[in-house]
Amino acid sequence: MPRERLYLYLFDTTLRDGAQTNGVDFTLHDKLAVAALLDDLGVDYIEGGYPGANPVDTELFGRDRGLRATFTAFGMTRRPGRSTANDPGLAALLDARADAICYVAKTWDYHVRVALETTLEDNLASIRDSVGAAKAKGREVLLDCEHFFDGYKANPDYALACAKAAHEEGARWVVLCDTNGGTLPHEVEAIVKAVTAVVPGDHVGIHAHNDTEQAVANSLAAVRAGARHIQGTLNGIGERCGNANLVSLIGNLKLKPEYSGSFEIGVTDDKLAHLTRVSRSLDEILNRAGNRHAPYVGDSAFATKAGIHASAILKDPATYEHVRPEAVGNRRKLLVSDQAGRSNVLAELERVGIAVERDDPRIVRLLEVVKEREAVGYAYEAADASFELLARRMLGKVPQYFDVTQFDVNVEQRVNAVGERVTVSMAVVKVTVGDDKLISAAEGNGPVNALDLALRKDLGKYQTYINGLNLTDYRVRILNAGTEAVTRVLIESEDENGERWTTIGVSSNVIDASFQALMDSIVYKLVKSGAPT
Ligand SMILES: [Zn+2]
């Protein structure tokens, strides 16, 4: 019979500590969207922010959010020399519509004296008074012990006294914070063990920062030492090097037997299969590219390039994978590249749904063409849609929907009527669709934009298929392939269903490279939509 597993509480602070990240600025709408993602995933606590500190957080804590998770407000313990009744910051925190209150308090004697400018005894009294005041309001209470590990190294008795004071006053959790993020896993394990001699482990939490790239390891070390509550953020966002990455932690806790055999978390196996989507949704909300190499959920987390690895993976995926990608909602990816073997190409064809016999001679030809093109600058591993079109063309399966017989792009700089120097771009495109000859012209914000607009302005009977098409990203790189410099253009497109794909063009001329990528994007959309020839 399996032994009973202990419950491990997950506390997310993406919306509070994660909001300290450079360049991250959550709106109320963003915060509600992130909270909904976290709630659905199954985390136990969601720290929403700092009510009273800014209008967004004040409004977030003034409304009903309809969440299952314990929604937590963050703030400081009462100020030195004040009573709890006479501290406006504390009052705002106590009045917030929150299920729990997480206080931050100093536990390093040096910080108490220098930063807080008060006595060690007054700081202990502040912890007791503040925890007591929140308990009296019927709130669950947590105490974030700031600089706990550095404080413990400097004055263990005082750091422990702070933790003990909060616990004795009725705090549900005493959270040990590695605020500067410099503590190493073996130190965390030893210090947490010492704390659990004073405060029971099922009341001890860990809050790690990633300044030595070990926030996840430090969190797991704390769990090994008896802590039962982990704080972290989605994708590890947070100031400086970030917080403990809750996404990686969830992967480890669910899929590594040492942890999954001993501990249970609120994330079910079904919800684990949404982990990749949750991680990427946060990137979408932040409007930034995700980390391709993020463990478990990155685009490259299960990507294999080398031919020998790829053929082994096709025989049995376990040969080069530590867990199954499907478990976390990611997917296996065999990169088509200049190192590619037949196995990669076959696997990619299978993935995009092109049926072909294993020994079809056209496979060898396709592989040769991919290698030739990559030698001159194409990068198909970054452009799935262009690879699919190339393969479909070589296997004779892409209709000739339309033909661009001529295009003309013009960039003109002149002085306008009010004396300003302006640059105007215009494109004219001649297209043949069946028996129709069409001419479209468009002005754009730059020559590529003008060409794109003219190209998509009138495609005759195909126009309805591309109305929902949008360019979402455009990247240009100058390469030195062979003897001359060439330009590589990657275009990311999106359709009305939110589906995205990337196409590529390579030429010594940036307009020509862009044209290739734009054409691939349009044709890919027509193929995908099943447009008739
Ligand atoms: Zn922090």
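The residue numbers shown here count from 1 along each chain, following its written sequence. Totals for whole chains, interfaces and linings use every residue, but because this is a predicted model, local features are given only for residues with pLDDT of at least 70 and side-chain atom pairs only at 80 or more, for both listing and counting. Just so you know, side-chain values use all the structure's heavy atoms and leave hydrogens and water out.

## Looking at the overall build of the protein
Here is step 1 of the chain: By definition, any uninterrupted DSSP run of H or I lasting at least four residues is a helix, any uninterrupted run of E lasting at least two residues is a strand, and each is numbered from the N terminus. Of regular secondary structure, the protein possesses 20 helices and 18 strands.
Here is step 2 of the chain: Counting only C-alpha atoms and orienting by the principal axes, one finds that the protein spans roughly 85 × 70 × 45 Å.
Here is step 3 of the chain: Across the 533 residues in the protein, those meeting the buried criterion constitute 52%.
Here is step 4 of the chain: Between two residues, a contact is recorded if the distance between any of their heavy atoms is within 4.5 Å. Taking as baseline every contact in the protein between residues at least 6 positions apart, the subset at least 24 positions apart corresponds to 66%.
Here is step 5 of the chain: For the purpose of charge, His is not counted, nor are the chain termini; Lys and Arg are scored as positive and Asp and Glu as negative. Working definition for charges: the position is that of NZ of Lys, CZ of Arg, CG of Asp or CD of Glu. One way to put it: in the protein the 60 positive side-chain charges average out to a point 2 Å from where the 74 negative ones average out. Using a 1.4 Å probe on the protein chains alone, a residue whose accessible area is under 20% of its type maximum counts as buried, one over 50% counts as exposed, and one in between counts as partly exposed.

## So, the sheet that holds strand β14 (residues 421–433)
Here is step 1 of the chain: Strands were regarded as paired on the criterion that DSSP finds at least two bridges between them. Taken in spatial order, the three strands make up an open sheet running β13-β14-β15, and their pairing is antiparallel. Strands with a single pairing partner mark the edges of an open sheet, and in this sheet they are β13 (403–415) and β15 (436–444). Strand-to-strand, the axes of this sheet are offset by a mean angle of 15°, without reference to chain direction.
Here is step 2 of the chain: Note: β13 against β14, 12 bridges, orientation antiparallel. Looking across to β14, one finds that Arg414 is bridged to Val422. The angle between two axes is taken between their N-to-C directions and runs from 0 to 180 degrees, where each axis is a line fitted to C-alpha atoms and a helix contributes only its stretch in contact.

## Regarding the state of the cysteines
Here is step 1 of the chain: Disulfides are defined as cysteine sulfur pairs within 2.5 Å. Following the criterion strictly, the structure yields zero disulfides and no others.
Here is step 2 of the chain: With no disulfide partner, Cys162 has as its closest neighbouring cysteine sulfur the one in Cys145, 6.8 Å distant.
Here is step 3 of the chain: Sulfur of Cys177: no disulfide; nearest cysteine sulfur belongs to Cys145 and is 6.6 Å away.

## As for the packing of aromatic side chains
The description of an aromatic ring pair uses the distance of the two centres, along with the angle that the planes make with each other.
Here is step 1 of the chain: Ring pairs are drawn from Phe, Tyr and Trp, using the six-membered ring of Trp, whenever the two centres fall within 6.5 Å, and their geometry is named by plane angle: stacked under 30 degrees, edge-to-face over 60, tilted for the rest. Tallied over the entire structure, the rule returns 15 aromatic pairs.
Here is step 2 of the chain: Judged by centre distance (5.2 Å) and plane angle (45°), the ring pair of Trp501 and Tyr524 falls under tilted. Of the two residues, Trp501 sits in strand β18 (residues 500–507) while Tyr524 sits in helix α20 (residues 510–528), which places them 23 residues apart along the sequence. The two residues Trp501 and Tyr524 agree in class, both being buried.
Here is step 3 of the chain: Ring pairs connect the aromatic residues Tyr7, Tyr9, Phe11, Tyr45 and Trp173, which therefore count as one cluster.
Here is step 4 of the chain: Directly above the aromatic system of Phe74 lies the positively charged group of Arg16, at a separation of 3.6 Å from the ring centroid. Either the NZ atom of lysine or the CZ atom of arginine qualifies as a charge over a ring when it sits within 6 Å of the ring centre and within 35 degrees of the ring normal.

## As for the environment of Val323
Here is step 1 of the chain: Relative to the elements of secondary structure, Val323 occurs in the loop between α14 (307–315) and β12 (333–334).
Here is step 2 of the chain: Of the residues examined, Val323 reaches a relative accessible area of 9% and is grouped as buried.
Here is step 3 of the chain: Measuring from C-alpha to C-alpha, the distance between Val323 and Lys256 comes to 8.9 Å, with 67 residues separating the pair along the chain.
Here is step 4 of the chain: Residues within four places of Val323 in sequence aside, it is in contact with Leu255, Lys256, Tyr296 and Phe302.

## Section: the side chain of Lys525
Here is step 1 of the chain: Its place among the elements puts Lys525 in helix α20.
Here is step 2 of the chain: The class for Lys525 is buried, based on a relative accessible area of 2%.
Here is step 3 of the chain: Each residue touching Lys525, except ones within four places of it in the same chain, is listed here: Tyr465, Ile466, Leu469, Asp495, Glu496 and Trp501.

## With respect to the pattern of salt bridges
Here is step 1 of the chain: We define a salt bridge as a side-chain nitrogen of Lys or Arg found within 4 Å of a carboxyl oxygen belonging to Asp or Glu. Evaluated as defined, the whole model comprises 39 salt bridges.
Here is step 2 of the chain: Residues Arg63 and Glu59 are paired through a salt bridge, measuring 3.8 Å at the closest nitrogen-oxygen approach.
Here is step 3 of the chain: Residue Asp122 pairs with Arg78 through a salt bridge whose shortest N-O separation is 3.4 Å. With Asp122 in helix α5 (residues 120–136) and Arg78 in the loop between β4 (70–76) and α3 (88–95), the pair connects residues that are 44 residues apart, well separated along the chain.
Here is step 4 of the chain: Here Arg78 falls in the buried class, since its relative accessible area comes to 6%.

## Notes on the pairing of β15
Here is step 1 of the chain: Pairing of β14 with β15 involves nine bridges; the strand directions are antiparallel. Its bridge partner lying in β15, Val429 is registered against Ser440.
Here is step 2 of the chain: Where β14 folds back on β15, the antiparallel hairpin that results is connected by two residues, among which Gly434 adopts a positive phi of roughly 60°.

## A word on unusual backbone geometry
Negative phi values dominate among residues other than glycine, just as trans dominates among peptide bonds.
Here is step 1 of the chain: One non-glycine residue, Glu117, adopts positive backbone phi at about 55°.
Here is step 2 of the chain: With respect to the helices and strands, the residue Glu117 is situated in the loop between α4 (109–114) and α5.
Here is step 3 of the chain: Given a relative accessible area of 67%, Glu117 falls into the exposed group.
Here is step 4 of the chain: One non-glycine residue, Glu213, adopts positive backbone phi at about 60°.
Here is step 5 of the chain: Along the chain, Glu213 falls in the loop between β8 (204–208) and α9 (215–224).
Here is step 6 of the chain: Overall, the relative accessible area of 66% leaves Glu213 in the exposed class.

## Some thoughts on the side chain of Arg392
Here is step 1 of the chain: With respect to the helices and strands, the residue Arg392 is situated in helix α17 (residues 384–394).
Here is step 2 of the chain: Residue class for Arg392 comes out buried when judged on its relative accessible area of 16%.

## So, the pairing of β8
Here is step 1 of the chain: Counting buried positions along β8 gives five out of five residues, so the element sits mostly inside the fold.
Here is step 2 of the chain: A two-sided burial pattern is seen for β8, the buried positions comprising Val204, Ile206 and Ala208 on one face and Gly205 and His207 on the other.
Here is step 3 of the chain: Pairing of strand β7 (residues 173–178) with β8, which is carried by five bridges, proceeds in the parallel orientation. Paired with Val174 across the two strands is Val204, which belongs to β8.
Here is step 4 of the chain: Here the term right-handed applies to a crossover when the path leading from its first strand over the helix to its second strand runs clockwise, the strands being oriented away from the viewer. With helix α8 (residues 185–196) bridging β7 and its parallel neighbour β8, the resulting β-α-β unit is right-handed.
Here is step 5 of the chain: The sheet contact formed by β8 and strand β9 (residues 229–232) spans three bridges and is parallel. Considered in β9, the bridge of His207 is made with Gln231.

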